[in-house]
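This is what each chain is made of:
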Amino acid sequence: AHLIDIGMGGMAFRYVDESSSWSTEQEEQGTISGQNFYLDNIPLTTVAESELYNGIYTIRRHGVKFCTLTPEQRNTIEKIIMAHVAELKKNANSSE
């Protein structure tokens with residue numbers, strides 16, 4: 001998955017669809033991973049979703065809301081936010 005945005009309340013990400021399905025009606029325990037992050041057993045609810053088919057594969061975008069988090073889960077999300085911000089700054093500096 002590619003992380004688009006993340007905050008303490010939730011995150012948005014996109015991925016190439018490989019026939020995985022997401023529940024949009026109830027809270028679930030999710031595992032979401034990407035190049036710079038890994039979240040396992042995070043209680044979340046899908047709040048937005050969209051897809052784009054380019055003739056070869058489908059790219060899906062999901063927005064999820066984090067539900068009740070443990071202190072350890074909050075700490076993990078804070079670390080991912082800091083890494084994401086650092087990556088955004090690095091990319092902005094390299095494009096100047």
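Residues numbered from 1 in each chain as written. Predicted model: local features only at pLDDT ≥ 70, side-chain atom pairs only at ≥ 80, totals over all residues. Heavy atoms only, no water.

Draft legend 1. Geometry of the overall build of the protein. Within the protein one finds 1 helix and 5 strands. Along the protein, from the amino end to the carboxyl end, the secondary structure elements read β-β-β-β-β-α. Expressed as a percentage of its 96 residues, the buried residues of the protein come to 32%. Across the protein, contacts joining residues at least 24 apart in sequence account for 50% of those joining residues at least 6 apart. In the structure as shown, the protein presents an accessible area of about 6500 Å², 48% of it carried by carbon and sulfur atoms. (Helix = DSSP H or I, 4+ residues; strand = E, 2+ residues; numbered from the N terminus. Buried < 20%, exposed > 50% of the residue type's maximum accessible area, 1.4 Å probe, protein only. Contact = heavy atoms within 4.5 Å. Areas by Shrake-Rupley, 256 points an atom, 1.4 Å probe, with all protein chains shown as cover.)

Draft legend 2. Broad picture of the pairing of strand β5 (residues 58-66). Pairing between strand β2 (residues 10-16) and β5: 7 bridges, direction antiparallel. Among the inter-strand pairings, G10 is bridged to a residue of β5, identified as K65. In terms of strand pairing, strand β4 (residues 37-53) meets β5 through 9 bridges, oriented antiparallel. If you follow A48 over to β5, its bridge partner there is G63. (Pairing = 2+ DSSP bridges.)

Draft legend 3. Up close: the pattern of salt bridges. Enumeration according to the criterion identifies 2 salt bridges in this entry. Among the ionic pairs, E51 bridges to R60, the shortest N-O distance being 2.6 Å. Salt bridges sharing common partners tie together D17, E51 and R60. (Salt bridge = Lys/Arg side-chain N within 4 Å of Asp/Glu carboxyl O.)

Draft legend 4. Here's a closer look at the environment of M82. By the element assignment, M82 lies in helix α1 (residues 71-94). We classify M82 as exposed; its relative accessible area is 59%. A sequence separation of 76 residues divides M82 from I6, and the C-alpha atoms of the two residues are 9.8 Å apart.

Draft legend 5. View of the environment of S50. Its place among the elements puts S50 in strand β4. Note on S50: relative accessible area 41%, which makes it partly exposed. In this structure S50 touches I59, R60 and R61, once residues within four positions along its chain are discounted.

Read these as layout, nothing more, since geometry by itself doesn't imply function.
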